[in-house]
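The residues making up each chain are set out below.
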Amino acid sequence: MNQAGENSGAPGADLKRASDALSNAGHIVCFSGAGISAESGIATYRDPLTGIWAQHDPRTLETASTFRKNPQLVWGWYLWRRQQVVNAQPNAAHLAVSQLAATGRKVSVITQNVDDLHERVGSVGVLHLHGSLSTSKCFACHRLGTLPEHQMPIPSEGALIEPPRCGRCSGKLRPNVVWYGEDLPSGVWKSAIALVKSCDVLISVGTSGIVTPAADIPWLALSSGATVIHVNTEDVSTAEPNELMLIGKATEVLPKLFALVPRAEQPQ
Ligand code: APR
């Protein structure tokens, strides 16, 4: 492990190994978690919340049973999160990921995040394992729709807000995100696995690696022979031989790392 590749007993060793692996790669997967959006001002899941939401645990708010019991509380929580996203700007880490493809390599983005910050700086084909805050789903008939904008901005943080109703069956609308205890969208998961199994390098950025099955992705990459580069403010590596740990903020580490990756040589 390494402080952005510079503060360990082998200065810069992991940063150099990481840039070498990327330079030799044809296909790179960027796998992101809440930490990549933290510096855009969007709260992560395991860092302590402040204000009114400090009294609640996302793990209990983000479940079907809590929505059944207290839909106004859960809808208010998601409108608050949605408002954070709308007010946020993509940061240097999102930008660095989107610009990596300009080096002539295939770059795929798989995210656990329900924000759209990767897309807002031009990443295309982003696979959202845990859904998206931009769309809604009927709790009763599962019809997908857009997220109504008329309830934003929310009246106050922690406000109880009545969910809008489905135009087809009048069921309550919920955000189109994956709640605890729910399956990932199977098509998205299958596509993600195919990308992970075929990549040369997987960069896992800003994820605690706790919530499965998404947390299995670095393992899948390693077992398929890829190099895994973790970028995180904490050490999240498991010290496998093909695993590299760059400790630092995503906005600092990713631009620094990608600046070391030359354009890919074109086939003759
Ligand atoms: N740069 C890099 N890493 C960071 C930064 C930063 N600026 N800030 C925080 N981190 C790291 C933290 O050290 C932590 O490991 O980001 C990680 C955030 O972890 P979580 O909050 O657990 O987020 P994530 O791993 O994406 O959560 C997975 O859990 O609640 C569910 O569905 C939700 O998608 C989410 C899933």
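Calculation rules
Residues numbered from 1 in each chain as written. Predicted model: local features only at pLDDT ≥ 70, side-chain atom pairs only at ≥ 80, totals over all residues. Heavy atoms only, no water. Buried < 20%, exposed > 50% of the residue type's maximum accessible area, 1.4 Å probe, protein only. Helix = DSSP H or I, 4+ residues; strand = E, 2+ residues; numbered from the N terminus. Pairing = 2+ DSSP bridges. Domains from an automatic or database assignment. Contact = heavy atoms within 4.5 Å. Buried area = accessible area lost by both parts, 1.4 Å probe. 1 Å grid on protein atoms, 1.4 Å probe; cavity = no way out; pocket = protein on both sides within 12 Å on 5 of 7 lines; lining within 4 Å. Points joined across faces, edges and corners; volume = space filled by probe spheres on them. Nonpolar A, V, L, I, M, F, W, Y, C, P; charged D, E, K, R; others polar. Near = heavy atom within 4 Å. Polar contact = N/O pair within 3.5 Å; in protein donor to acceptor, adjacent residues only side chain to side chain. Areas by Shrake-Rupley, 256 points an atom, 1.4 Å probe, with all protein chains shown as cover. Sits in = over half its atoms within 2 Å of the grid points.

Brief notes about the pairing of strand 5 (residues 131-138)
For strand 5, a buried count of six out of eight residues is recorded, marking the element as mostly surrounded by other parts of the structure. Pairing of strand 5 with strand 7 (residues 173-177), which is carried by five bridges, proceeds in the antiparallel orientation. Within strand 7, the position partnered with cysteine 138 by the bridge is leucine 173. With three bridges connecting them, strand 5 and strand 6 (residues 144-146) associate as antiparallel partners. The residue of strand 6 that forms the bridge with threonine 135 is threonine 146. Linking strand 5 back to strand 6 in an antiparallel pair, the connection comprises five residues, with histidine 142 at a positive phi of about 70 degrees.

Structural notes on the domain arrangement of the chain
Domain annotation for the chain reports domain 1 (1-42 + 90-129 + 184-268) and domain 2 (43-87 + 131-177). Placing a centre on the C-alpha atoms of domain 1 and another on those of domain 2 gives a separation of 29 Å. Across the contact, 15 residues belong to domain 1 and 13 residues belong to domain 2. At the boundary of domain 1 with domain 2, total buried surface from both sides reaches about 1,100 Å², with 58% on carbon and sulfur atoms. It is Ala34, Ile42 and Val114 in domain 1 that bury the most area against domain 2; as a group they hold 52% of the surface buried on that side.

Quick word on empty space enclosed by the protein
Overall, the coordinates contain one cavity of 30 Å³ or more when judged by the stated rule. Taken as a whole, the largest cavity encloses approximately 80 Å³ of empty space. Every residue lining the largest cavity is listed: Ala34, Ser37, Ile42, Ala43, Tyr45, Arg81, Gln84, Val85, Asn113, Val114, Asp115 and Leu133. It is helix 5 (residues 71-87) that contributes the most residues to the lining of the largest cavity, three residues altogether. Residue classes in the lining of the largest cavity are distributed as seven nonpolar, three polar and two charged.

Structural notes on the site of the ligand
Close to the ligand lie 21 residues; Arg46, Tyr180, Thr207, Ser208 and Asn232 are nearest. Tyrosine 180 places a polar side-chain atom, nitrogen or oxygen, 2.4 Å from an oxygen atom of the ligand. The separation between an oxygen atom of the ligand and a polar side-chain atom of serine 208 is 2.5 Å. Look at the ligand: alone it shows 730 Å² of surface, and the protein chains cover 94% of it. More than half of the atoms of the ligand fall within 2 Å of the grid points belonging to the largest pocket. Here the shell around the ligand is composed, by residue class, of six nonpolar, 11 polar and four charged.

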